[in-house]
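Geometric and topological summary
Residue-level listing of the chains:
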Amino acid sequence: MQTTRTTTAVVSGVGSCLPPPVVDNEAVIARGALLTDADWIRGRTGIERRRHAPPGTSTGDLAVGAGRAALASAGGARPDLVLLATSTPDHPCPATAPEVAHRLGLGTVAAFDVSAVCSGFLYALAVATGLVRGGMCATPLVIAAETYTAIVDPSDRTTAPIFGDGAGAVLLRSGVPDEPGAVVATDLGADGSGRAAITIPGGGARHPRHLPPPAPDAHFFHMEGRAVYAHAVRRMTRSSEAVLRRAGWTADSVRAFIGHQANQRILDSVGDRLGIAPAHRFGNIRELGNTAAASIPLVLADPAVQRAPGERCLLTAFGGGFTWASAALTWPGVSPLAEEPDAATPLRTAPSVPPRPL
Ligand code: UT7
């Protein structure tokens, strides 16, 4: 008797891109003349240093680097779709993904941004998985890239020490749930009543730039940290439980728990609530801070966090919107690669008009 094996998306390449400048807590404090100290930052967040993109390096440059690394890690496979998760696009319009696809030499493949703030990578992974399962694409490239230094006020002590810049990416292909790298289940959710807790108030259609801004600092990123903290713990825990149920996994079968790298205390709390042993929790918040959508793929790509192919891995995130997302993944059987930010000149002019068909 022939059995039909369910198709799903399988990770076939993993890449990362970090801007080289390392900025420790003392340097962040000095840069913004912050009324805080390195011990407060380390003790309340777990962060000791982060990367800052130098002037001239954008989210697109990091995304191209991470995307190129993921393609090389997959042995040079060619994607048929590019999804870019970011809340720091190069421009408010258009999306950054089409230019990234162009700079990766991918011709005219479909490309679009996914805007779900810190949950963005898992949102994009879930969407790409659905498209693979539905047969709409075969090899989507999912990139998450952020340049929070572009939107954070360096003199705001509640955000400046927390955020860093970077990008991670995975290439997917069609496969089956019992092979290494399989996306076994996903869970997505949102609650727009939390909209104001993580926001850039000005510059959008609600407060257009031709009108006076609602506040002098309205173009900067704002976060009500304490409120976000409580929601993040509750939502990541519940979403993790939902995706474990959907995958048919128990929490004690998970060998790698990777939460969005927002705050070490949040990660500890979610891990404790789920009953996942500390030895099975992985992250890099101490070295990279909170890189928003990029934080989970940056852990997947971290050479210090590599696991045995096929081990059960639980990914979960919470972010602005509010949004949250989780994925049950088996650890990929690939070697992650890293690339420098792309230094090629980004597009500045409109392309010439294509020739008319005869
Ligand atoms: O990535 C998207 C999701 N983001 C998150 O999940 C982040 C969630 N939030 C957090 O990680 C934490 O809330 C923060 C790290 C942002 C803040 O830590 P906290 O322990 O929640 O501090 P708090 O906001 O409750 O503030 C405690 C006190 C306040 O003073 P008062 O009101 O008690 O007098 C703050 O003004 O600490 C003060 N504070 C600081 N003090 C020294 C806030 N930031 C600082 C600072 N240095 N950098």
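Just so we're clear, the structure is a prediction, and the values are computed from it rather than from any experiment.

For the peptide bond that leads from C93 to P94, omega is 0 degrees, which places it in the cis range. Note on placement: P94 falls in the loop between β4 (81-85) and α4 (97-103). Residue G321 is joined to F322 through a cis peptide bond whose omega torsion reads -10 degrees. Within the element layout of this structure, F322 appears in the loop between β12 (312-319) and β13 (323-330). One non-glycine residue with positive phi stands out, namely A33, at about 50 degrees. Tracing the backbone shows A33 in the loop between α1 (25-32) and α2 (38-45). Residue A33 is classed as exposed on the basis of its 9 C-beta neighbours within 10 Å. Backbone geometry places A292, a non-glycine residue, at a positive phi of 50 degrees. Mapping A292 onto the fold places it in the loop between α8 (285-288) and α9 (295-300). Since 34 C-beta atoms lie within 10 Å of it, A292 is described here as buried.

The strands making up a sheet associate through hydrogen bonds between their backbones, and the pairing can be parallel or antiparallel. In space, the 4 strands of this open sheet follow the order β8-β13-β12-β11, with mixed pairing throughout. Of all the strands in the sheet, the pair left with one neighbour each is β8 (183-190) and β11 (256-259). Mean inter-strand twist for the sheet, computed between neighbouring axes without regard to direction, equals 10 degrees. Here β11 runs beside β12; their pairing, made up of 4 bridges, is parallel. Within the sheet, the bridge partner assigned to F257 lies in β12 and is L314. Where helix α5 (residues 120-133) meets the sheet, its contacts fall on β8, β12 and β13, and the angle it forms with β13 comes to roughly 60 degrees. Those strands touched by helix α6 (residues 225-247) are β8, β11, β12 and β13, and its axis lies near 40 degrees from that of β13.

Burial of nonpolar side chains together is a common tendency in soluble globular proteins. Membership of the largest hydrophobic core comes to 105 residues, with the highest contact counts inside it found for V82, L83, A124 and I143. Every residue in contact with I143, bar those within four places of it in the chain, is listed here: A63, A66, G67, V82, L84, V100, A167 and A169.

To continue, consider the UniProt feature "domain: Beta-ketoacyl-[acyl-carrier-protein] synthase III N-terminal" (unreviewed entry) in the protein. On the UniProt side, "domain: Beta-ketoacyl-[acyl-carrier-protein] synthase III N-terminal" (unreviewed entry) is annotated at positions that read residues 112-192 here. Overall, residues 112-192 shows 17% helix and 37% strand. The separation of its end C-alpha atoms is 22 Å.

The subject of this paragraph is the site of the ligand. Close to the ligand lie 22 residues; T36, R157, G225, A262 and N263 are nearest. Contributions of two or more residues to the shell around the ligand are made by α2, α6 and β12. Ranked by residue count, the leading element in the shell around the ligand is α6, at 5 residues. Classifying every residue of the shell around the ligand by side-chain character gives 12 nonpolar, 7 polar and 3 charged.

Cut-offs and rules
Residues numbered from 1 in each chain as written. Predicted model: local features only at pLDDT ≥ 70, side-chain atom pairs only at ≥ 80, totals over all residues. Helix = DSSP H or I, 4+ residues; strand = E, 2+ residues; numbered from the N terminus. Buried ≥ 20, exposed ≤ 12 C-beta atoms within 10 Å, placed from the backbone. Pairing = 2+ DSSP bridges. Axes fitted to C-alpha atoms, helices over the stretch in contact; angles between N-to-C directions. Contact = placed C-beta atoms within 7 Å. Core = buried A, V, L, I, M, F, W, Y, C linked by C-beta atoms within 7 Å. UniProt positions renumbered as here; feature names shortened; annotations may be inferred. Near = placed C-beta within 6 Å. Nonpolar A, V, L, I, M, F, W, Y, C, P; charged D, E, K, R; others polar.

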